[in-house]
Amino acid sequence: MTPRNDSEPLLVNEDEDFPISPKRKIIPVMIANIKQHRSIILWCIASLLTSALQGVYIKLAGSALGVFPYFLFWTTALPFVILFFIFYWIVLLWARRKGRSVGKTAQWKMAIIGGLNALNGIFILFSNPHVPGVMQALLGPTIVVIPMAMALSFVMLKSRYNRYQVLAVFVILLGLGIAMFPSFYSLRGSSGGEEQFGSVFWNIVFLLGSVPAAFQTVYQEKAFASEPIDLAFMLAYSTLWQFIAIVVSFPVDAIPHFGTASSFLNIFSNQREGFNCLLNRPTAETLALCAGQCDCEHAGLYVGLFVIAYVTSGFTSLGVVKYGNATFSFIVATLSTPLTEFAFAWPLLMGSQVETISPYNYGALAVLLIGVILYRVFDRAATAKHISVVIPKHPSVVNEPHVFYSYDSGAYP
């Protein structure tokens, strides 16, 4: 018999009167831990999958309706107004039956949030057909919002940060520089550079979509720090104001070299032809506008799948928050970027639009993940020392389903 090491800790078997070595109990203990956390593990997996699908399907929808970005903009926003108001009315009815109240706030605050969401969507959706999916995963708000929100919080909230947080942000900026380098290099004539890495102009436009997302993060922190507000109320009214902002922003589609309408009046005819493409009933005018850049056969399918993935992504993110803790939220937020990146390179999911991940993409992804992990670690350390922080700990705030594009579950991816 092998003698037991006296320094080895003991586990007590409840069914027997003698201790058992952890070596004999490690597998049952692991199984017990998995069973104990089975629910949150399933929520995390579901959140990661729906987050990646959200990013993939908005890219596919944007490519299928490539010359109709404004049409895609308002048609993907309208279903959420309807769905979130139904959700809000259900919550309101339930609260009244229970004799409880629903936290509300001034509509002008909702209008600000909705306007920022709409501005975020303008940058993201108009650049979407021109920016490869693997670049969207790297340049999306999930990561980019961190340095932007830090800068805005420094100015608007007078927040201060330790040198480790600043170092982490510089690492993130380095990763973004690595991601953007090939698109700058392609200007000097490298073959296939723009097709694989996107143009400098559209990559920057996509990147700028994180600016209103960062403003919203800081604004929510300032506006609702001491004002409890019901999530259902915020989702319903912020999406309503967002849709109103989208409707009044229609002239954007006629901006030269940005929108796709050849004139102000053509904006309205483009909506009709976009609808024909969505229903896979393209007319001669539709085909002329598309000029081979549309996939009307699958456009409706991609838009529908995006709406489903978008809603379920927000739902699963809330599940992670409710049944887990900050650690699980951190894991999901960190893993969502590489998972989305790899999803764009999966032939079974992307089909003929499958993309290639280059060494630059891998390098940028590694550096960005290091920066994000460092930031979140130092962010938690700073919080413990009562140092102001930018990003809330739970994705239910940063990545609410109504925030367009965040690969964490929420902002238009």
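Attention in this report is confined to the structure presented alongside it.

What follows deals with the nonpolar core. Counting 92 residues, the largest nonpolar core has Leu 65, Tyr 88 and Leu 139 as its most contacted members. The element best represented in this core is helix H3 (residues 69-97), accounting for 13 residues. Discounting residues that sit within four places of it in the chain, Leu 139 has contacts with Val 144, Leu 176, Ala 179, Met 180, Asn 203, Phe 206, Leu 207 and Ser 210. Ile 40, Cys 44, Leu 48 and Phe 328 belong to the second largest nonpolar core, which has seven residues in total.

Here helix H10 (residues 210-223) contains 14 residues, and its C-alpha end-to-end distance of 19 Å stays within 8% of the 20 Å for a straight helix at 1.5 Å per residue. The element H10 is largely enclosed, with a buried count of ten among its 14 residues. For H10, the full list of buried residues reads Ser 210, Pro 212, Ala 213, Ala 214, Gln 216, Thr 217, Val 218, Tyr 219, Gln 220 and Ala 223.

What follows is about the packing of helix H7 (residues 163-185) against helix H9 (residues 200-208). At a minimum axis separation of 9 Å, H7 and H9 run at an interaxial angle of 150°. Classified by the angle between their axes, H7 and H9 sit roughly antiparallel to one another. Residue-level contacts link Met 180, Ser 183 and Phe 184 of H7 to Val 200, Asn 203 and Ile 204 of H9. Among the residues making up the contact of H7 with H9, the classes are represented as four nonpolar, two polar and no charged.

With that out of the way, let us pick up the pattern of salt bridges. Scanning the entire structure with this criterion turns up two salt bridges. The salt bridge involving Arg 272 is made with Glu 273; its shortest N-O contact spans 3.0 Å. Arg 272 gets classed as partly exposed once you look at its relative accessible area, which sits at 44%. In this structure Glu 273 comes out as buried when scored by relative accessible area, which is 2%.

For the structure shown, the criterion picks out 22 aromatic pairs. Taken together, a centroid distance of 6.4 Å and an interplanar angle of 75° make the contact between Phe 71 and Phe 275 edge-to-face. Residue Phe 71 is located in helix H3, and its partner Phe 275 is located in helix H12 (residues 266-278); the two are separated by 204 residues in the primary sequence. When the centroid spacing of 4.3 Å and the interplanar angle of 40° are considered together, the rings of Phe 80 and Tyr 310 count as tilted. Of this pair, Phe 80 sits in helix H3 while Tyr 310 sits in helix H14 (residues 296-323), placing them 230 residues apart in sequence. Look at Phe 80 and you get buried, because its relative accessible area is 1%. By relative accessible area, Tyr 310 is classed as buried at 2%. Chaining the aromatic ring pairs together yields one cluster made of Phe 85, Tyr 88, Trp 89, Phe 233 and Tyr 237.

What counts, and where the lines are drawn
Residues numbered from 1 in each chain as written. Predicted model: local features only at pLDDT ≥ 70, side-chain atom pairs only at ≥ 80, totals over all residues. Heavy atoms only, no water. Core = buried A, V, L, I, M, F, W, Y, C linked by side-chain atoms within 4.5 Å. Buried < 20%, exposed > 50% of the residue type's maximum accessible area, 1.4 Å probe, protein only. Helix = DSSP H or I, 4+ residues; strand = E, 2+ residues; numbered from the N terminus. Contact = heavy atoms within 4.5 Å. Expected span 1.5 Å × (residues − 1). Axes fitted to C-alpha atoms, helices over the stretch in contact; angles between N-to-C directions. Parallel < 35°, antiparallel > 145°, perpendicular 65-115°, else oblique. Nonpolar A, V, L, I, M, F, W, Y, C, P; charged D, E, K, R; others polar. Salt bridge = Lys/Arg side-chain N within 4 Å of Asp/Glu carboxyl O. Phe/Tyr/Trp six-rings, centres within 6.5 Å; stacked < 30°, edge-to-face > 60°.

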